Amino acid sequence: MNVLNSAAFARLENAAYASELRQRVMTDNIANAETPHFKRQEVLFEQLLEQSMGNKPSSVSGYRTDARHIAIGSQKSNMPAAKVVTDDSTTMNINENNVDLDREMALLAKNQLNYNLYTKQISHEIKMMRTAIDGRA
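Below: a short report on this structure. (Residues numbered from 1 in each chain as written. Predicted model: local features only at pLDDT ≥ 70, side-chain atom pairs only at ≥ 80, totals over all residues. Heavy atoms only, no water.)

Side note on the overall build of the protein chain
Then step 1. The number of helices and strands found in the protein chain is three helices and two strands.
Then step 2. Going from N to C terminus, the protein chain has its helices and strands arranged as α-β-α-β-α.
Then step 3. The 137 residues of the protein chain split such that 23% are buried.
Then step 4. When the accessible surface of the protein chain is totalled, it reaches about 9800 Å², and 54% of it is carbon and sulfur. (Helix = DSSP H or I, 4+ residues; strand = E, 2+ residues; numbered from the N terminus. Buried < 20%, exposed > 50% of the residue type's maximum accessible area, 1.4 Å probe, protein only. Areas by Shrake-Rupley, 256 points an atom, 1.4 Å probe, with all protein chains shown as cover.)

Next comes the structure, spelled out in structure tokens:
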């Protein structure tokens, strides 16, 4: 059994991957800020994750006779992948480009903070597992 194969760890891992993809997409937006007819892109992950964790009941469920039994019907299989979408609805400049450098730089800083949080949390999860295996603090 893979102890780091939990749904919570998978969400953290996918959030870190989405943050890395978001970094590449935003730097591409910034690099093309003066390119005529360029339309900015963004990464959707958090919204898709929230929708997948919504009020949908699991199609398979199990009856647990003991609290130590593993629950059947986990949400792990519903893990969404990050999706890149293009914003074609707006225009910022006369050349029909819609990249706002100030907004992109602010989003880039926010994404960096999120990425740091995700990697620290992943590191903490691994450290806690190592502590449990070693049996010392």
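Picking up after the structure, the text goes on.
As for unusual backbone geometry
Then step 1. Here the phi dihedral of histidine 37 falls at roughly 70°; this positive angle occurs in a residue that is not glycine.
Then step 2. Topologically, histidine 37 is positioned in the loop between α1 (7–31) and β1 (41–44).
Then step 3. Of note, glutamate 96 is a non-glycine position whose phi angle comes to about 70°, a positive value.
Then step 4. Within the fold, glutamate 96 resides in the loop between β2 (83–86) and α3 (101–134).
Then step 5. Here glutamate 96 falls in the partly exposed class, since its relative accessible area comes to 40%.

Regarding the nonpolar core
Then step 1. By size, the foremost hydrophobic cluster in this structure holds 11 residues: Phe9, Ala10, Leu12, Ala15, Ala16, Ala18, Phe45, Leu49, Met79, Tyr118 and Ile122.
Then step 2. Of all elements in the fold, only α1 and α3 reach the threshold of two or more residues within this core.
Then step 3. By residue number, the principal contributor to this core is α1, which donates six residues. (Core = buried A, V, L, I, M, F, W, Y, C linked by side-chain atoms within 4.5 Å.)

Comments concerning the packing of α1 against α3
Geometrically, a packed helix pair is captured by the angle between its two axes and the distance between the axes.
Then step 1. Running from N to C, α1 and α3 point in directions that differ by 155°, and their axes come no closer than 9 Å. Comparing the axis directions of α1 and α3 gives the class roughly antiparallel. Here α1 and α3 pass one another in a crossing that is left-handed.
Then step 2. Here the residues of the contact of α1 with α3 sort into 14 nonpolar, seven polar and five charged. (Axes fitted to C-alpha atoms, helices over the stretch in contact; angles between N-to-C directions. Parallel < 35°, antiparallel > 145°, perpendicular 65-115°, else oblique. Left-handed = near helix turned anticlockwise from the far one by under 90°. Nonpolar A, V, L, I, M, F, W, Y, C, P; charged D, E, K, R; others polar.)

Remarks on the layout of surface pockets
Then step 1. Its boundaries defined by the atoms lining it, the largest pocket holds a volume of some 280 Å³.
Then step 2. Around the largest pocket sit 15 residues that line it, and Arg22, Glu42, Val43, Leu107 and Lys110 are the ones nearest its centre.
Then step 3. Among the secondary structure elements, those contributing two or more residues to the lining of the largest pocket are α1, β1, α2 (46–52) and α3.
Then step 4. Of all the elements, α3 adds the most residues to the lining of the largest pocket, at five residues.
Then step 5. Across the lining of the largest pocket, the residue classes break down as four nonpolar, five polar and six charged. (1 Å grid on protein atoms, 1.4 Å probe; cavity = no way out; pocket = protein on both sides within 12 Å on 5 of 7 lines; lining within 4 Å. Points joined across faces, edges and corners; volume = space filled by probe spheres on them.)

Quick notes on the side chain of asparagine 111
Then step 1. Mapping asparagine 111 onto the fold places it in helix α3.
Then step 2. According to the relative accessible area criterion, asparagine 111 is buried, its value standing at 2%.

Examining α1
Then step 1. With 25 residues, α1 should cover 36 Å at 1.5 Å per step; its first-to-last C-alpha distance of 36 Å lies within 8% of that length.
Then step 2. Taken residue by residue, α1 has Phe9, Ala10, Leu12, Ala15, Ala16, Ala18, Ser19, Leu21, Arg22, Val25, Met26 and Asn29 as its buried positions.
Then step 3. Elements in contact with the buried residues of α1: β1, α2, β2 and α3. (Expected span 1.5 Å × (residues − 1). Contact = heavy atoms within 4.5 Å.)

What to know about the side chain of glutamate 104
Then step 1. Within the secondary structure, glutamate 104 sits in helix α3.
Then step 2. Looking at glutamate 104, its side chain comes within polar contact range of the side chain of asparagine 29, at 3.4 Å.
Then step 3. Reaching out from glutamate 104, the side chain makes a polar contact with the side chain of arginine 40 at a distance of 2.6 Å.
Then step 4. Those residues in contact with glutamate 104 that sit more than four places away from it in its chain are Met26, Asn29, Ile30, Arg40 and Val99. (Polar contact = N/O pair within 3.5 Å; in protein donor to acceptor, adjacent residues only side chain to side chain.)

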